[in-house]
Amino acid sequence: MRIVALAGGIGGARFLRGLRAAVGPQDEITVIGNTGDDIHLYGLKVCPDLDTVMYTLGGGIHEEQGWGRTDETWSIKAEMKEYGVGPEWFGLGDRDFATHLVRSQMLTAGYSLSQVTEALCVRWKPGVRLLPMSDDRVETHVRITDEQGTRAIHFQEYWVRLHAEVDAEAIVPVGADTAKPAPGVLEAIAEADVILFPPSNPVVSIGTILAVPGIREAVAAAPAPVVGLSPIIGGAPVRGMADKVLAAVGVEATAEAVALNYGPALVDGWLVDTVDEASVAVVEAAGIACRAVPLLMTDVEATAEMARAALALAEQVRK
């Protein structure tokens, strides 16, 4: 079985770990990773979502945080602070720095982001094929209004520095409209037996991937069933700020609203948590098959059960 998953950072990475445990060694998983969170810091190209997937599946993630490296140290950041060089609000540990140095050196040497990601995965052996959504530069920005007035800031500043405490007025994936899908992305979607939308942020993770011209169209036209898992449980995101960015695009923070925002032209099946069982009828009335199952990723086995439920629903709605 050839499985394609569109994934963001922490939620996507943890779901993928369960998916990998749920399938057999003969099955192939291709992950199309969000690069809209990418940012340039200290002269380095930082790819938070790609790295979170790579570290999580490769056994190097800081489990409690869900991001960054385990057994991390912070000497470089401390030295940068002594030089008065920021930003102080974004933490890059020493081990993490090495990844960004290698990536930036290879990009400067002329390698594409796809080639660099493949090279980095040689070390981490994530057990999946990890593709960036695009080799072109795409960065998600958020329009806000605060004491400095109305302005657009990088998504990382909105989330990490401001903790999403200011209302998001608009979400703009800068560069997405002129970006091209990375090599292998459209082919993987066209050849997939199943396409999954993990419980990643539907706006700034999966939404940004779908904003790259050709990807949404490829998913909608794919012969494979497309099944998504709700990132909203009981009217709130399990973690993160999906409610904030959903409000910016005019979508309620409910399991059924996210499904309807994707729409039956894009997704064939949708999983909601058991606490949202009342939303099943609403989603199915819109033409999307829906089931209620436990969706809390408490451990790898619980997450594997979620993945099995998604694959089972995919078989039921197979075109």
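Residues numbered from 1 in each chain as written. Predicted model: local features only at pLDDT ≥ 70, side-chain atom pairs only at ≥ 80, totals over all residues. Heavy atoms only, no water.

A. Here's a closer look at the packing of helix α4 (residues 94–108) against helix α5 (residues 113–124). Contact geometry for α4 and α5: axes closest at 10 Å, N-to-C directions at 140 degrees. Overall, the two elements α4 and α5 adopt an arrangement that is oblique. Both α4 and α5 take part in a crossing whose hand is right-handed. Between α4 and α5, the contacting residues are Thr99, Val102, Arg103, Met106 and Leu107 on the first element and Leu113, Val116, Ala119 and Leu120 on the second. For the contact of α4 with α5, the per-class residue count stands at seven nonpolar, one polar and one charged. (Axes fitted to C-alpha atoms, helices over the stretch in contact; angles between N-to-C directions. Helix = DSSP H or I, 4+ residues; strand = E, 2+ residues; numbered from the N terminus. Parallel < 35°, antiparallel > 145°, perpendicular 65-115°, else oblique. Left-handed = near helix turned anticlockwise from the far one by under 90°. Contact = heavy atoms within 4.5 Å. Nonpolar A, V, L, I, M, F, W, Y, C, P; charged D, E, K, R; others polar.)

B. Region of interest: the side chain of Arg151. The residue Arg151 is located in strand β7 (residues 149–154) in this model. Here Asp146 takes part through its side chain, which lies 2.7 Å from a polar atom of the side chain of Arg151. Among all residues touching Arg151, those that are not within four sequence positions of it are Val142, Arg143, Ile144, Asp146, Glu157 and Arg161. (Polar contact = N/O pair within 3.5 Å; in protein donor to acceptor, adjacent residues only side chain to side chain.)

C. Just the packing of aromatic side chains, in detail. Applying the stated criterion across every chain yields a total of five aromatic pairs. Taken together, the aromatic side chains of Phe197, Tyr262 and Trp270 make up a single cluster linked through ring pairs. Lying over the aromatic face of Tyr55, Arg69 brings its terminal NZ or CZ to 5.5 Å of the ring centre. (Phe/Tyr/Trp six-rings, centres within 6.5 Å; stacked < 30°, edge-to-face > 60°. Lys NZ or Arg CZ within 6 Å of the ring centre and 35° of its normal.)

D. Molecular detail of the pattern of salt bridges. Following the criterion strictly, the structure yields 13 salt bridges and no others. Among the charged side chains, a network of salt bridges with common partners joins Glu301, Glu305 and Arg308. (Salt bridge = Lys/Arg side-chain N within 4 Å of Asp/Glu carboxyl O.)

E. Representation of the sheet that holds strand β6 (residues 139–146). Pairing is antiparallel across the open sheet formed by three strands, whose spatial order is β7-β6-β8. The sheet is open, and its two edges are formed by β7 and β8 (170–174), each paired on a single side. The average angle at which neighbouring strand axes cross in this sheet is 30 degrees, direction not considered. Relative to β7, β6 is paired through six bridges, and the arrangement is antiparallel. Residue pairing for β7: Asp146 is matched across the bridge by Gly149. (Pairing = 2+ DSSP bridges.)

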